[in-house]
Amino acid sequence: MERKLDNHLLAHLSYRLTTQHEVIVTEGLTYILQQSSICRKALHDIVLSFECELPETLRFYSELTGENLERPDVVGLADDGQERFIIEGKFEEGLTDNQPNNYLTRLLPENDGMLLFAVPELRVENLWRELLDRAGQKFSLSNQRDLSDGSKSVDINTHHKLGIISWENVLNGFLHPAQ
């Protein structure tokens, strides 16, 4: 019996040709956000659910290296070239020394901005506790929120938010955008 390939070819090749699976996801997410206005709008709606106002016209780039050699997965730049939104995807990897604090300092103080971690649903609670612990060592955290979909956020200051969301919720937002 011949097996249908459907949507499995890319996944098969990525696992056969590289061990850097996070890079494949990062590049794929960046490509989707660069190419699809519907997915950019869906991501904007996700960010709004965290009570964060960002421009709808962000341009997305992968792995822009910062001053401390930190390299967030996806960075959203506003029209003025300022970093306003950072997405860090995790699967089974732990946090790096730069996460989340050096990533948060990339967001300029006078502009609203957000650092959002996308993780497997089973890692949300544990990784959130670690993010809060690390961020709390440098920032005065306030207004912690649990969203109805299991996502979480906290205010870093008056302009910046730290959040966590499951990959499932991100992908569902792309597949079923609000009308």
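Residues numbered from 1 in each chain as written. Predicted model: local features only at pLDDT ≥ 70, side-chain atom pairs only at ≥ 80, totals over all residues. Heavy atoms only, no water.

Enquirer: Describe the pairing of strand E6 (residues 152-155), with residues and values.
Expert: Residues Lys152 and Val154 of E6 are buried on one face, and the alternating residues Ser153 and Asp155, pointing to the opposite face, are buried as well. Where strand E5 (residues 142-146) lies against E6, three bridges are found, and the strand directions are antiparallel. What sits directly across from Ser142, in E6, is Asp155. Here E5 folds back onto E6 in antiparallel fashion, the turn holding five residues, of which Gly150 has a positive phi close to 95°. Pairing of E6 with strand E7 (residues 160-166), which is carried by four bridges, proceeds in the antiparallel orientation. Residue pairing for E7: Ser153 is matched across the bridge by Gly163. From the end of E6 to the start of E7, which pair antiparallel, there are four residues. (Buried < 20%, exposed > 50% of the residue type's maximum accessible area, 1.4 Å probe, protein only. Helix = DSSP H or I, 4+ residues; strand = E, 2+ residues; numbered from the N terminus. Pairing = 2+ DSSP bridges.)

Enquirer: Mind laying out helix H5 (residues 124-136), listing which residues take part and the relevant values?
Expert: Residues separated by three or four positions in an α-helix point in the same direction, a consequence of the helix having 3.6 residues per turn. With 13 residues, H5 extends 18 Å from end C-alpha to end C-alpha; this agrees with the ideal 18 Å at 1.5 Å per step. Within H5 the residues assigned to the buried category are Val124, Leu127, Trp128, Leu131, Leu132 and Ala135. Buried residues in H5, looked at end-on, bunch into an arc of 140°, giving them a common side. The inward-facing, buried residues of H5 contact helix H4 (101-104), strand E4 (113-119), E5, E6 and E7. (Expected span 1.5 Å × (residues − 1). Arc of directions from axis to C-beta. Contact = heavy atoms within 4.5 Å.)

Enquirer: Would you mind going over the sheet that holds E5 in detail, with residue names and values included?
Expert: An order of E1-E2-E3-E4-E7-E6-E5 is seen for the seven strands of this open sheet, with the pairing classed as mixed. Among the strands making up the open sheet, the edge pair consists of strand E1 (59-62) and E5. Between one strand axis and the next, the sheet turns through 15° on average, direction left out of account. As defined by bridge partners, E4 adjoins E7 across seven bridges and the pair is classed as parallel. If you follow Val119 over to E7, its bridge partner there is Ser166. Strands E4, E5, E6 and E7 of the sheet are contacted by H5, whose axis makes an angle of about 165° with E7. (Axes fitted to C-alpha atoms, helices over the stretch in contact; angles between N-to-C directions.)

Enquirer: Go over helix H3 (residues 37-49) with me, naming the residues and quoting the values.
Expert: Its 13 residues give H3 an end-to-end C-alpha distance of 18 Å, which sits within 8% of 18 Å, the value for a rise of 1.5 Å per residue. Taken as a whole, H3 has its buried residues at Cys39, Ala42, Leu43, His44, Ile46 and Val47. Backbone geometry just downstream of H3 places Glu51 in the positive-phi region, at approximately 60°.

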